Amino acid sequence: ISTDGGAIDFSGSTDIEIANAGGITLDTETGDNANAGDVLFASGGNLDSVAGGLLTINTNVGGANNGGGVNLGIIGTTNPIGGIIVNTISGASTDGTVTLNGNITVTGAAFDFTNAGITDIAAGIIITSNNQDITIGGSLTDSVVGTLTFVAGTGAISLNTVTMDAGAGSSL
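All values derive from a computational prediction rather than experimental measurement.

About the thresholds
Residues numbered from 1 in each chain as written. Predicted model: local features only at pLDDT ≥ 70, side-chain atom pairs only at ≥ 80, totals over all residues. Heavy atoms only, no water. Helix = DSSP H or I, 4+ residues; strand = E, 2+ residues; numbered from the N terminus. Rg over C-alpha atoms; globule rule 2.2 N^0.38 Å. Buried < 20%, exposed > 50% of the residue type's maximum accessible area, 1.4 Å probe, protein only. Contact = heavy atoms within 4.5 Å. Areas by Shrake-Rupley, 256 points an atom, 1.4 Å probe, with all protein chains shown as cover. Pairing = 2+ DSSP bridges. 1 Å grid on protein atoms, 1.4 Å probe; cavity = no way out; pocket = protein on both sides within 12 Å on 5 of 7 lines; lining within 4 Å. Points joined across faces, edges and corners; volume = space filled by probe spheres on them. Nonpolar A, V, L, I, M, F, W, Y, C, P; charged D, E, K, R; others polar. Core = buried A, V, L, I, M, F, W, Y, C linked by side-chain atoms within 4.5 Å. Patch = residues over 30% accessible without salt bridge, like charges linked within 9 Å, V, L, I, M, F, W, Y side chains within 5 Å. Salt bridge = Lys/Arg side-chain N within 4 Å of Asp/Glu carboxyl O. Polar contact = N/O pair within 3.5 Å; in protein donor to acceptor, adjacent residues only side chain to side chain. Phe/Tyr/Trp six-rings, centres within 6.5 Å; stacked < 30°, edge-to-face > 60°.

J.: Tell me about the overall build of the chain, and please be specific about residues and values.
T.: A tally of helices and strands in the chain yields zero helices and 17 strands. For the chain, whose C-alpha radius of gyration is 15 Å, the value lies close to the compact-globule estimate of 16 Å for 172 residues. Counting only residues that meet the buried cut, the chain has 45% of its 172 residues in that class. Considering only contacts in the chain between residues 6 or more positions apart, those separated by 24 or more positions represent 60%. A total of about 7,000 Å² of accessible surface is found on the chain, and carbon and sulfur atoms cover 47% of it.

J.: Now, about the pairing of strand 10 (residues 97-100): what can you tell me, with residues and values included?
T.: Bridge count for strand 7 (residues 70-72) against strand 10 is three bridges, and the pairing is parallel. Its bridge partner being in strand 10, leucine 72 is matched across the sheet by leucine 100. In terms of strand pairing, strand 10 meets strand 13 (residues 118-121) through four bridges, oriented parallel. Residue threonine 97 lies in a different strand from strand 13, and its bridge partner there is isoleucine 118.

J.: Give a detailed account of empty space enclosed by the protein, specifying residues and quantitative values.
T.: Left-over empty space is what a probe sized like a water molecule reveals as it rolls over the atoms. Under the defined criterion, the tally for this structure stands at one cavity of 30 Å³ or more. What the largest cavity holds in volume is close to 50 Å³. Lining the largest cavity are Ser13, Thr14, Asp15, Ile16, Phe41, Ala42, Gly45, Asn46, Leu47, Gly73, Ile74 and Ile75. When residues of the lining of the largest cavity are traced back to their parent elements, those giving at least two are strand 2 (15-18), strand 5 (46-49) and strand 8 (74-75). Across the lining of the largest cavity, the residue classes tally to six nonpolar, five polar and one charged.

J.: Hey, could you go over the pairing of strand 14 (residues 125-128) for me, with residue numbers and the actual values?
T.: Taken together, the two bridges between strand 11 (residues 104-105) and strand 14 define a ladder with parallel strand orientation. Bridged to threonine 105 within strand 14 is threonine 128. Pairing of strand 14 with strand 16 (residues 148-151) involves four bridges; the strand directions are parallel. Opposite isoleucine 126, over in strand 16, you have threonine 149 as the bridge partner.

J.: Explain the nonpolar core to me, and be specific about the residues and the numbers.
T.: Counting 31 residues, the largest nonpolar core has Ile57, Leu72, Ile84, Leu100, Phe111 and Phe113 as its most contacted members. Element by element, the count of residues in this core is highest for strand 15 (residues 134-142), at three residues. Beyond its immediate stretch of four places on either side in the chain, leucine 100 contacts Leu72, Phe113, Thr119, Asp120, Ile121, Ala122, Ala123, Ile125 and Ile127.

J.: Summarise a nonpolar patch on the surface; cite the residues concerned and give the values.
T.: A cluster of nonpolar residues, Ile157, Leu159 and Val162, forms a patch on the protein surface that exposes about 210 Å² of accessible area. Residue position: isoleucine 157 is located in strand 17 (residues 157-163).

J.: Run through the side chain of serine 49, naming residues and quoting values.
T.: Position of serine 49 relative to the elements: it lies in strand 5. Looking at serine 49, the relative accessible area reads 3%, which means it is buried. At 2.9 Å, the side chain of serine 49 and the backbone nitrogen of glycine 52 are in polar contact. In this view, serine 49 contacts Glu17, Ile18, Asn79, Pro80 and Ile81; residues no more than four positions away in its chain are not counted.

J.: Outline the packing of aromatic side chains, listing residues and values.
T.: A ring pair, where both rings are aromatic, is described by two values, the distance of the centres and the angle of the planes. Overall, the coordinates contain two aromatic pairs when judged by the stated rule. Ring centres 5.2 Å apart and planes at 20 degrees place the aromatic pair phenylalanine 10 and phenylalanine 41 in the stacked group. With phenylalanine 10 in strand 1 (residues 8-10) and phenylalanine 41 in strand 4 (residues 39-41), this residue pair connects regions lying 31 residues apart in the sequence. For phenylalanine 41, a relative accessible area of 8% corresponds to the buried category.

As structure tokens, then:
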């Protein structure tokens, strides 16, 4: 699914299934000539994959345009997705922010936020990768007091900049 600067908004749906084993790509700026749109899932909603598909979200953009934001709810509670790749980087302007509102479970491929500008933890979160790598390349912040837990098994955990500043009680 792609747009040329428009948002992709699933925030009104509380239960979404990726049925394609090959996965799905959501791209909100195809021409690098405008600000990218946001990709929005319901903060309390659930996203699963009955076929183990990979979810790729591109709100990145080149030039002097802004990257789009991404709002994620709970992912993979019933049927884990195959993996997740998120890119919100801007060429020369403001990177998009990824907001995590619930636990995320992936299997088969990595949790790859290498090119996510800012990743904000909006609740106590557990990220489980079933022996795959977990990578957060941009800044990791928290907007609420909570605990962020990584369960990578034999997979590597790579973090760039971590700022836990929501107050006493925040932990990594």
